[in-house]
Structure formats: C-alpha cells, structure tokens
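# Structural overview
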Amino acid sequence: MQEKSPDQHPLSDLAYDWITLIQNKAQALMAYDQYIKDAKAANSPECAAFFQKVHDADKAQLAEAKQHLVAVLQGKMGKS
C-alpha cells in the first residue's frame, strides 16, 4: 500500500515570491507618491526628482515582475 502523498500547496514558492515582490513594489509606489508630494511641499525639487526617479524604476520593475509571474503561473518559467 502506498502512502498518500500530502496535498501540494496550490501556489509554488516561486509564484509566491513573485506575488510578494509585486505587492511590495506596489506599496512602495504608493509611498513614493507621498514622498514626491512631501518634497514638492518642502520646495525641494531635487528630492522630488530623485523620488520620481526611484518611482519610475520600481514601476518598470513591477511591470517586468508581472510578466514573470504570468509565465510562472502558466508553467512557462520554473518547474511545477
């Protein structure tokens, strides 16, 4: 008699990692929006420009991360 294999988690570790990264990047983008507002209110265009630069980089990384997540969920990347 074979032992019954334990139920596999419906989400792979890799998919979970991508979801977590996406969540963190999305939260960061919202924070950067506030930082930009704060810098503008403090009349600091240099700080606002830097926060905008960080925002734009994270936004681009978020878009790429979403593509990776889709590929992982579709079984096109990583192993199931």
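Residues numbered from 1 in each chain as written. Predicted model: local features only at pLDDT ≥ 70, side-chain atom pairs only at ≥ 80, totals over all residues. Heavy atoms only, no water.

### Let's talk about the nonpolar core
Put simply, the test is: Remark: nonpolar core denotes a set of buried residues (Ala, Val, Leu, Ile, Met, Phe, Trp, Tyr, Cys) joined through side-chain atoms within 4.5 Å. Relative accessibility under 20% of the residue-type maximum defines a buried residue, over 50% an exposed one, and the middle range a partly exposed one, all with a 1.4 Å probe and only protein chains included. Helix and strand assignments follow DSSP, with helices taken as H or I runs no shorter than four residues and strands as E runs no shorter than two, numbered in order from the N terminus. A contact between two residues is defined here by any heavy atoms of the two lying within 4.5 Å.
In this structure, Ala15, Ile22, Ala28, Leu29, Tyr32, Leu62, Ala65, Leu69 and Val72 together form the largest nonpolar core, which totals nine residues. Elements supplying a minimum of two residues to this core: α1 (13-41) and α2 (45-73). Among the elements that make up this core, the one with the highest residue count is α1 (five residues). What isoleucine 22 contacts, discounting residues up to four positions off in sequence, is Leu62, Ala65, Lys66 and Leu69.

### Overview of unusual backbone geometry
Positive phi, normally seen in glycine, also occurs at asparagine 43, with a value near 55°. Turning to its location among the elements, asparagine 43 is positioned in the loop between α1 and α2. A relative accessible area of 67% means that asparagine 43 is categorised as exposed.

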